[in-house]
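Chain by chain, the residues:
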Amino acid sequence: MTTIEQYGEFETAWCPGCGNFAILKALKQALAACDLAPHQVLLVSGIGQAAKTPHYLKANVFNGLHGRSLPVATGARLASPELVVIAESGDGCMYGEGGNHFLAALRRNLDLTILVHDNQVYGLTKGQASPTSDQGFVTKTQPHGAPSAAFNPVAVAVAMDTSFVARGFAGMPDHLAGLIAQAIRHRGTALVDILQPCVSFNPVNTFKWYRERCYELPAEYDPTDQELARKTAAEFGERIPLGILYRHEKPLFEEHFAMLGQGPLSRQEVSRPALRQVMESYR
Amino acid sequence: MTTIEQYGEFETAWCPGCGNFAILKALKQALAACDLAPHQVLLVSGIGQAAKTPHYLKANVFNGLHGRSLPVATGARLASPELVVIAESGDGCMYGEGGNHFLAALRRNLDLTILVHDNQVYGLTKGQASPTSDQGFVTKTQPHGAPSAAFNPVAVAVAMDTSFVARGFAGMPDHLAGLIAQAIRHRGTALVDILQPCVSFNPVNTFKWYRERCYELPAEYDPTDQELARKTAAEFGERIPLGILYRHEKPLFEEHFAMLGQGPLSRQEVSRPALRQVMESYR
Amino acid sequence: MPQEINIVIGGEAGQGLVTIGQLLSKVLVRAGCEIFISQSYHSRIRGGHNTFAIRTGTIPFHAPRQAIDLLVALNEESVALHQSELAAGGLIIADAAFAPDAAAAVAVPFAELGPEKFWNTAALGLIGSILGLPADLLFQAIEELLGAKHPETLAANREVLDRSCQWAAERIKGHHFKLADSRAAAERLMLNGNEAIALGALAGGLKFCAFYPMTPATSIVLNLIAHADAMGCVVEQAEDEIAAINMAIGASFAGAPSMVATSGGGFALMTEGVSLAGMTETPLLIVIAQRPGPATGLPTRTEQGDLGFVLHSGHGEFPRALFAPGDLESCYALTQRALALAERCQTPVFLLTDQFLADSSRAIAPFDPENIAPVRAGADPGSMTAPYRRYAVTESGISPRLLPGVSEHLVVADSDEHDEEGHITEEQPVRIAMVDKRLRKFAGLRQEVLPPHHEGPADADLLLVGWGSTRGPLREAAEILANQGRRVATLHFTQIWPLVPEQFRDLLATAGTVVCVEGNATGQFARLIRQESGFSIPHQVLRYDGLPFTARYILDRLDHLMPKGAQP
Amino acid sequence: MPQEINIVIGGEAGQGLVTIGQLLSKVLVRAGCEIFISQSYHSRIRGGHNTFAIRTGTIPFHAPRQAIDLLVALNEESVALHQSELAAGGLIIADAAFAPDAAAAVAVPFAELGPEKFWNTAALGLIGSILGLPADLLFQAIEELLGAKHPETLAANREVLDRSCQWAAERIKGHHFKLADSRAAAERLMLNGNEAIALGALAGGLKFCAFYPMTPATSIVLNLIAHADAMGCVVEQAEDEIAAINMAIGASFAGAPSMVATSGGGFALMTEGVSLAGMTETPLLIVIAQRPGPATGLPTRTEQGDLGFVLHSGHGEFPRALFAPGDLESCYALTQRALALAERCQTPVFLLTDQFLADSSRAIAPFDPENIAPVRAGADPGSMTAPYRRYAVTESGISPRLLPGVSEHLVVADSDEHDEEGHITEEQPVRIAMVDKRLRKFAGLRQEVLPPHHEGPADADLLLVGWGSTRGPLREAAEILANQGRRVATLHFTQIWPLVPEQFRDLLATAGTVVCVEGNATGQFARLIRQESGFSIPHQVLRYDGLPFTARYILDRLDHLMPKGAQP
Ligand SMILES: Cc1ncc(C[n+]2csc(CCOP(=O)(O)OP(=O)(O)O)c2C)c(N)n1
Ligand SMILES: Cc1ncc(C[n+]2csc(CCOP(=O)(O)OP(=O)(O)O)c2C)c(N)n1
Ligand code: SF4
Ligand code: SF4
Ligand SMILES: [Mg+2]
Ligand SMILES: [Mg+2]
């Protein structure tokens, strides 16, 4: 039985009051709840404040480039099907610089968990608009307000028939821990978009702002009903639904690769007889 | 009054029987119908068979990099609001390599037309799966069939509340010409996904295959009803809807830039008094 | 009275050290002092150890100094980290709570001077009085910052300020930090390198900039945005760096003098676009503010490690120019030059700076807004004979560039190899003609290369070679040695490509000991010099810990090269 | 009987010239002939002018030849384009419809030989009989292609084949194209460069490849995919090149020997990832098949224009190695070496090839599948003491690499500057230690550099220097000159980085005239040689029209360098 303590306590570089602290705690809680030991887990992140998270708990870590957590996670997952792979980064990383990988990852449906700290702003670079910034959101780089419409990740994920689509809120850590645990347990690609107040650069979308709008999906909500999911996922503004918006099983990407049945590629020897046959084919 | 002849006739590098011929003709028809002279139009493309299209009619042309037609079109449009800018390329170019630009362009809503020759395959590179290839589509590079789910561009565009979303078919050139003309006339970003049989590398999605499935949206279909549009856009398989799936007006991206009111940036002088004031501000 | 004083304010991000530093700088400038400001900070928003260093006095400075005269420690860590750097006769100002008990330390009872939210004002008062700055000047600066909205806050600040000045006047004695009054004009611009680049760009006729945020380049764009409406410049935050450069290319094609600004990692994503600009012959200014790599490296520190990468960036072969400004004045001037050159030669031109130059400020004589020659894009359609050929083969290699939509001439640009009209071709003779045409532009570029700046005797015993942001420390080190009677010279490059060996080979050959000073671990510029001139620079002083060069750093490493006794 | 014959089949894409060519090649190999095949095609799927050239005879060939002995023109354009290249005594085979009326031309009434769909078979028959190849061998090849499914089709083919052989035997006389029988073993592998690279990769232990399609690299991956299941190798088509390299890095981190394959434009998008591999010290093989740039350039042609770009790719500083195979054997061997080196030094290693080498095939002695040493990723966790430190500072600079998940040791990799455990740091001393550690690996790389291959007298009058794919034409040119009694030597590099001047400086210095031969317009390798050795190669033979070098091309350009009379 793994305990949250096994994941350790580390000093962070985050601002006091940042929503990231609650997300970090929820993640540890979820990993413990899934009874995973640190060495069974690989956390892959990009660059940003959110992307520093993997440094703040015990696990295998690949902290790569801004925007590129998903391809690295994909490669690692394909090389080592025994690893529990979690890609974790910010909204700018996942939906901005990494937008194309986000689309491709949802199409692939690897057994992979995607956690997005969505503070609707670029934090580490000091407060530019991000893809999820509300249209009109005023920053130093967008003095007349963000000119583009906000990206709604869950709406797009549902439209792409993603296997598991959820939204959580740093202000409700236990609910969030539950979502993350279910995402990790889900067989397929699971997206959890996490509303995360940034106390330094997002004066609009504060804990209070989210609290006034967020509501938990009712018990009778059926996450397997895609049409309902499309409608619900589109909702973001006066009211913001939290919970599992859409969930259904589909074939895993891994199933297309027979050799992944034999475990990690690092343990698979090169077969001389097979190589001989390959060479023969060029006769 | 512009005639289709003004757009000229050129020798192409396409295979006999390719769907691109009909698209080229429809494009000329639409431009003439909009009474645009060649020099008023800028065609921006990427790399691929579709991306060669701009070389085959009279117009201003920027034939750039694979996947990058949209950013180039965006820059050109912002520099010269008098140009009618059309980004035209293949499914691989727009939804594969260029996926992140596709998302950003839909969020921006510039007055821009996006034409995608969607042959569900990488043509110029000899037949690999593209983002829109049906899952399981067998190619030399996907001998066990395309492992990822197919990308549904119109479903994503509707989910992103794109201003104008349509689907055409190279097998119905007049209907297609009508769609393109409306897309060009539409004030905002207009996406036309064009089903384009590739006779050399796509033996599955042939003219016949599409004909058996495509149907025109009925006259009573209301393209302003987003919920209906979401449902309709999701339809691709046994039946494939053609026409304007979703349309509504929203503020133009250009409106956020006051200086674009003064016409092309190339005609705007640097004001010494303004520069002096700017410098003063560093006192 | 000292000719210069090096003040270092240390504390956590969020403690307001930048506010204190900026207010103090303003006052110093108005008091007619020369100043040089350098900042050091961590890649985080709150916490971490940051410093704001002001080197001030009666002579102009172009580099930071290591030895600290006045250390203002806003937290205990600052004392621990910098105490050892204190100069002889140096002073530490710290709260009584954590002030070290050392002769050099002044334990300040901040609590007694005022409530915590006014401690910045208190610190300003203390420093001001130590430096002998008039309290009114100090208060005026605070007024300008807070505005007249809340008179009661202002009054409270005034009180704390006076109390602090008083306290210092009484308790801090026997230190000679009163600044000699200086002749420097009060009417100067306070600029850092990135601000100077932004001004240069706007003065040079920039009309479009696309960017994706990246330290230390972002502040260039922030400054463009602040003046975008006034100057009629479109600035757009792109979805990624690939989009940024392709947008800029599209805008430039359509007639807007355009630039992108980024750092190494973001630039890596632009290299395909660089090649596109080269092939389509689209003018483009690419500004790269370097930070230590590889990969994410040290995001908020400085390095000169991307020279080779930038110089060879983009697949295939096409002409380019690369500038590396050495001070604020050249940031302003070279940015304009680069924009003009890009338009004239229709090719990408690079401006290479770094975090040190980006974030270090000086008060300098104002630029003349009348004395500019902004770029105008494109040729006159009237002069063109039909059919217009975008890539007409010419002797100079430069083809007439029309803008799309401004006339009935059709403008066709192509990333494939193309014929004169811009259409795809695979004809070998056309290919050869086009490659030759593009490369002929390189000859043109070579003709207007800025020669390196040589200071000191041609036959110096010691020649210090450098490029870009190292200019200040390089020259200061040379001056120090010169003052010790050594025959020393400096050779500083601000145009890195093309290189014209005739401009410097003799200087390298005739000098005694030649040392290349650069901010990287492998001596990239020295390699480039050998590649282009065949001359191998025998000695190197390198720095790659993320901190800027200082005269001291260079001199310490020159020691072993110098005849004993002649030690600085 | 001629020692060699150069056969060129020309026609449109889609006309089946590749089928004819491949069948003919198969038969020639079985008949014991040496062959060298080179292809040229346009960037389109149908139409355009393509050629399939087979140089065959009794001695091994390593380059194409310009002069054509037997031109098989499937369309009129082929006659027009190649008639002038016909060698003395050369022959043109063309349909009566468009055969030129020249002595050298044979007008074939294809219509009489069979229905159109069998004309490929007819052409094969004609060529076969001209070369004196047994009809049974020809038919056997056709049988293998069509399979036994449709006996009637086979019968029809046999008929056309015999009729055509007959026709040729009667009508085409007086030509000495019957091949001397050769000793070459029939049991050989028919490979092109990309196939040899794929085999090398699989033999070397490759377990993961991510790619985005790009000519001329795609066929490497196609060959990996064809054998992926048999060899247990995961190959994934990524959404773009950025994803491809980051996936490969992720897979390598997790223990799969990994590679990416692309061309210049796609590689440009990978350069940030290259820097990531350097910083995280993740083994990675990067194969770049060059084509002419800039930008999209000439997608289906050849060039050596990306050397400088690849060598300097990635921001910041980290060690790397770069190989450039010169023939099929080294494609196979160097790919294995590169994979092993990447794993041992935990850094990116490059393999630079080009369209010419990629698409030219030879029949070579089979490789020994037993004689391989596949890479095994990672160290033994048992040997590790806790806490495990991924980036432990060592003398060699190489830190013990464990794989995540295989033990309880936690593996932490970071793109920021990091401490020994892999966690973000901004400490200057750690930064310096890590830079030094990474760069120490370069010393290791330098110790196992493959020396350039030198052939001929050390004090030759003429030394031809080249690298990568030019090896064949370079040596053939030298042989021709040697046969004319000139003292000529070649110096060919297959490892381009690191360069060890001690390995070649004297050879350059002692030779008479030194000429660098490379496939680009600016002499990139010559510049590199000067940068590393200080030696300036005075003469260059360059090619940048997209076509491969031939001995003839080189010799023509050497003329002016040679004392008159001594002309080849
Ligand atoms: C290629 C590249 N471009 C830009 C950057 C600079 N950068 C670092 S973090 C960041 C944005 C972070 O925003 P987000 O992903 O939302 O994370 P947050 O800091 O808000 O948690 C940017 C633009 C980079 N490191 N690399
Ligand atoms: C950066 C880059 N990667 C890859 C390529 C190679 N490439 C050229 S066209 C193409 C795919 C074309 O597919 P699509 O966009 O669907 O156009 P189509 O040929 O099917 O019309 C690819 C991968 C390239 N030119 N540049
Ligand atoms: S900047 Fe925002 S996101 Fe980053 S740590 Fe501070 S509060 Fe959190
Ligand atoms: S390959 Fe396909 S898309 Fe390309 S021209 Fe031929 S048929 Fe059309
Ligand atoms: Mg964010
Ligand atoms: Mg396509």
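Note: the structure precedes this text.
Just so it is clear, the structure is predicted and the values come from calculations on it, not from any experiment. (Residues numbered from 1 in each chain as written. Chains lettered and ligands numbered in written order. Predicted model: local features only at pLDDT ≥ 70, side-chain atom pairs only at ≥ 80, totals over all residues. Heavy atoms only, no water.)

(A) The site of ligand 2, seen in detail. Around ligand 2, the structure places 23 residues, and the nearest of them are Gln49, Asp91, Cys93 and Gly123 of chain B together with Glu241 of chain D. The residues that come close to ligand 2 belong to more than one chain, namely chains B, C and D. In the environment of ligand 2, an oxygen atom lies 2.9 Å from a nitrogen or oxygen atom belonging to the backbone of Ala50 of chain B. Within the backbone of Gly92 of chain B, one N or O atom sits 2.9 Å away from an oxygen atom of ligand 2. Burial of ligand 2 by the surrounding chains reaches 98%, relative to a free accessible area of 590 Å². (Near = heavy atom within 4 Å. Polar contact = N/O pair within 3.5 Å; in protein donor to acceptor, adjacent residues only side chain to side chain. Areas by Shrake-Rupley, 256 points an atom, 1.4 Å probe, with all protein chains shown as cover.)

(B) Expanded view of the coordination of the magnesium ion (ligand 6). Residue and element names in this part refer to chain B. Taken together, Asp91 (OD), Asn119 (OD1) and Val121 (O) make up the protein donors of the magnesium ion (ligand 6), found 2.0 to 2.2 Å from the metal. The sequence pattern describing where the donors of the magnesium ion (ligand 6) fall on their chain is D-x27-N-x1-V. Taken together, the residues span a long stretch of sequence, with Asp91 in helix α3 (residues 91–97) and Val121 in the loop between β4 (113–118) and α5 (153–159) at a distance of 30 residues. The class of Asp91 is buried, set by a relative accessible area of 2%. (Donors = N, O, S within 2.8 Å, 3.2 Å for Na, K, Ca; no water. Helix = DSSP H or I, 4+ residues; strand = E, 2+ residues; numbered from the N terminus. Buried < 20%, exposed > 50% of the residue type's maximum accessible area, 1.4 Å probe, protein only.)

(C) Structural view of the site of ligand 1. Near ligand 1 lie 23 residues; those nearest to it are Gln49, Asp91, Gly92 and Cys93 of chain A together with Glu241 of chain C. Close to ligand 1, residues of chains A, C and D are found. Within the backbone of Gly92 of chain A, one N or O atom sits 2.9 Å away from an oxygen atom of ligand 1. The separation between an oxygen atom of ligand 1 and a polar main-chain atom of Gly123 of chain A is 2.9 Å. Notes on ligand 1: free accessible area 590 Å², of which the protein chains cover 98%. With four residues, the top contributor of residues to the shell around ligand 1 is helix α3 (residues 91–97) of chain A. Among the residues making up the shell around ligand 1, the classes are represented as ten nonpolar, eight polar and five charged. (Nonpolar A, V, L, I, M, F, W, Y, C, P; charged D, E, K, R; others polar.)

(D) Here's a closer look at the relation of the copies chain C and chain D. For the pair chain C and chain D, the best superposition has an RMSD of 0.1 Å and corresponds to a rotation of 180 degrees with a translation of 0.0 Å parallel to the axis. Expressed as an axis order, the relation between the two copies is that of a two-fold axis. Of every C-alpha in chain C, the one belonging to Gln531 of chain C sits nearest the axis of rotation, 1.9 Å from it. By residue overlap, the copies meet face to face through one surface: 100% of the interface positions of chain C are interface positions in chain D. (Least-squares fit on C-alpha atoms with pLDDT ≥ 70 in both. Contact = heavy atoms within 4.5 Å.)

(E) Expanded view of the pattern of salt bridges. Scanning the model with the defined rule gives 78 salt bridges over all chains in all. For Arg163 of chain D, the salt bridge is made with Glu159 of chain D, and the minimal N-O distance between the two is 3.1 Å. Residue Arg163 of chain D and its partner Glu159 of chain D are both found in helix α6 (residues 151–171); the two are separated by four residues, about one turn of the helix. On the basis of relative accessible area, Arg163 of chain D is assigned to the partly exposed category, the value being 33%. Between Arg487 of chain D and Asp459 of chain D there is a salt bridge whose closest N-O contact spans 2.3 Å. Highlighted residues: Arg487 of chain D in the loop between α17 (471–483) and β18 (488–493) and Asp459 of chain D in the loop between β16 (453–455) and β17 (462–467), separated in sequence by 28 residues. Taking relative accessible area as the criterion, Asp459 of chain D reaches 46% and is therefore assigned partly exposed. Linked by salt bridges that have partners in common, Glu4, Arg55, Arg65, Asp69 and Glu476 of chain C make up one network. (Salt bridge = Lys/Arg side-chain N within 4 Å of Asp/Glu carboxyl O.)

(F) Region of interest: the coordination of the magnesium ion (ligand 5). Asp91 of chain A (OD), Asn119 of chain A (OD1) and Val121 of chain A (O) make up the full set of protein donors to the magnesium ion (ligand 5), lying at 2.0 to 2.2 Å. Here the donor residues of the magnesium ion (ligand 5) are spaced in sequence according to D-x27-N-x1-V.

(G) Spotlight on the side chain of Glu272 of chain C. Turning to its location among the elements, Glu272 of chain C is positioned in helix α12 (residues 271–280). Arg68 of chain B provides the closest opposite charge to the buried, salt-bridge-free Glu272 of chain C, at an N-O distance of 4.3 Å. Excluding anything up to four places from it in sequence, Glu272 of chain C contacts Leu65 and Arg68 of chain B, His315 of chain C together with Gly265, Ala268 and Leu269 of chain D. (Lys, Arg positive; Asp, Glu negative; His and termini not counted.)

(H) Representation of the interface of chain D and chain A in the model. Tallying the contact residues gives 68 residues for chain D and 48 residues for chain A. Summing the contributions of chain D and of chain A, the shared interface buries around 4900 Å²; its carbon and sulfur component is 64%. Linking chain D with chain A are five salt bridges. Between Glu187 of chain D and Arg283 of chain A there is a salt bridge; the shortest N-O distance is 2.8 Å. Counting across the interface, chain D meets chain A through 19 residue pairs in polar contact (both at pLDDT 80 or more). Elements with a contribution of two residues or more to the side of chain D that touches chain A: β7 (189–192), α7 (193–203), α9 (228–231), β9 (234–237), α10 (241–253), α12 (271–280) and β15 (412–414) of chain D. Top element by residues in the side of chain D that touches chain A is α10 of chain D. It accounts for eight residues. Along the lines of polarity and charge, the residues of the side of chain D that touches chain A split into 36 nonpolar, 17 polar and 15 charged. (Buried area = accessible area lost by both parts, 1.4 Å probe.)

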